[in-house]
Amino acid sequence: MYLVQLMTEIDQIDRQILRVLSRDGRISNLALAEQVGLSPSACLRRVSALERSGVIAGYRAVLSPEKTGIGFVAYVTVGLSQHTKAAQEAFERAISRSPEVRECHNITGSVEYLLRVEAADLAAYKHFHTEVLGILPQVNAITSYVVMGSPKDERA
């Protein structure tokens, strides 16, 4: 019965559970239950239902860029030379093979894509920009926005 209800509506308790889990995916069920005001068994049932329904798609580790060798982050807008489905699919296939691209978003506006690119340093980014992104035949325009700091970053 709860799962059927979940597919149509997420209530305030579910939202509290999701907020806590988005901040700390490794929190124990007991601590989570305390924070949201449920018994541990009721909390576990709700979390399980959220997982089964796909509301919770997974759990991730938040990595330290510095400790994993990432010293350079940029957001990159990419405009395509052709506005066709085939050009988009070819670009997306190429980007999916690029480990430097951590996020790829098809967006509205004057360009088609927004990428989050992580590299060891400026030289590594330049190589990606010139030898990977710059040689794709679908690419018409590239604009890089270098991240100088991230005062708020809630990505998991």
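Scroll up a little and you will see the structure.
Attention in this report is confined to the structure presented alongside it. It should be emphasised that the depicted structure is a prediction, and the values quoted were computed from it without experimental measurement. For every chain, the first residue of the written sequence is number 1, and numbering continues from 1 along that sequence. Whole-chain, interface and lining totals are the exception, using all residues; otherwise, since this is a predicted model, local features are given only for residues with pLDDT of at least 70 and side-chain atom pairs are given and counted only at 80 or more. Excluded from the side-chain calculations are hydrogens and water; all other atoms, namely the structure's heavy atoms, are used.

### Thoughts on the pattern of salt bridges
- Salt bridges are counted wherever a side-chain nitrogen of Lys or Arg sits within 4 Å of a carboxyl oxygen of Asp or Glu. One pass over the full model with this rule turns up six salt bridges.
- Between Lys85 and Glu89 there is a salt bridge, with its nearest N and O atoms 4.0 Å apart. Of the two residues, Lys85 and Glu89 both sit in helix H5 (residues 85-96), four residues apart, roughly one turn of that helix.
- Residue exposure (1.4 Å probe, protein chains only): buried if accessible area is under 20% of the type maximum, exposed if over 50%, otherwise partly exposed. Here Lys85 falls in the exposed class, since its relative accessible area comes to 60%.
- Close ionic contact of Arg116 with Glu118 constitutes a salt bridge, the shortest N to O distance being 3.2 Å. Glu118 shares its class with Arg116; the two are buried.
- Bridged by salt links that share partners, the residues Asp11, Asp14 and Arg46 form one connected network. Where helices and strands are cited, they refer to DSSP runs of H or I of at least four residues and of E of at least two residues respectively, numbered from the N terminus.

### Some details on the packing of helix H2 (residues 12-23) against helix H3 (residues 29-36)
- Each axis is a line fitted through C-alpha atoms, and for a helix only the stretch in contact is used; angles between axes span 0 to 180 degrees, taken between their N-to-C directions. It is at 10 Å that the axes of H2 and H3 come closest, and there the two elements cross at 135 degrees. Taken together, the axis directions place H2 and H3 in an arrangement best described as oblique. At the point where H2 passes H3, the crossing takes the right-handed sense. Of H3, the residues touching H2 (which contributes Gln16, Ile17, Val20, Leu21 and Arg23) are Leu32, Gln35 and Val36.
- Amino acids outside the nonpolar list (Ala, Val, Leu, Ile, Met, Phe, Trp, Tyr, Cys, Pro) and the charged list (Asp, Glu, Lys, Arg) are all regarded as polar, and Gly is one of them. Broken down by class, the residue content of the contact of H2 with H3 amounts to five nonpolar, two polar and one charged. To sort the angles, those under 35 degrees are grouped as roughly parallel, those over 145 as roughly antiparallel, those from 65 to 115 as roughly perpendicular, and the leftovers as oblique. Helix crossings are classified by the rotation of the near helix relative to the far one: an anticlockwise turn of less than a right angle makes the crossing left-handed, while a clockwise turn makes it right-handed. Here, residues are in contact when the closest pair of their heavy atoms is within 4.5 Å.

### Details of the packing of aromatic side chains
- Two aromatic rings from Phe, Tyr or Trp, using only the six-membered ring of Trp, form a pair when their centres are within 6.5 Å; if the ring planes differ by under 30 degrees the pair is stacked, by over 60 it is edge-to-face, and anything between is tilted. Per the stated rule, a full pass over the model turns up three aromatic pairs.
- Ring centres of Phe91 and Tyr113 lie 4.6 Å apart, and the angle between their planes is 40 degrees; on these two criteria the pair is classed as tilted. Within this pair, whereas Phe91 is found in helix H5, its partner Tyr113 is found in strand S3 (residues 113-119), the two being separated by 22 residues in sequence. For the pair Phe91 and Tyr113, a shared accessibility class is recorded, and that class is buried.

### Regarding the layout of surface pockets
- By volume, the largest pocket is sized at about 720 Å³.
- Contributing to the lining of the largest pocket are 22 residues, with Leu63, Pro65, Arg116, Glu118 and Arg155 lying nearest its centre.
- Taken together, the residues that form the lining of the largest pocket break down as nine nonpolar, five polar and eight charged. Method remark: on a 1 Å grid restricted to protein atoms, a set of points is classed as a cavity if a 1.4 Å probe fits but cannot get out and as a pocket if it is open with protein on both sides within 12 Å along at least five of seven lines; lining residues have an atom within 4 Å of a point. Grid points are joined across faces, edges and corners, and a volume is the space filled by probe spheres set on the points.

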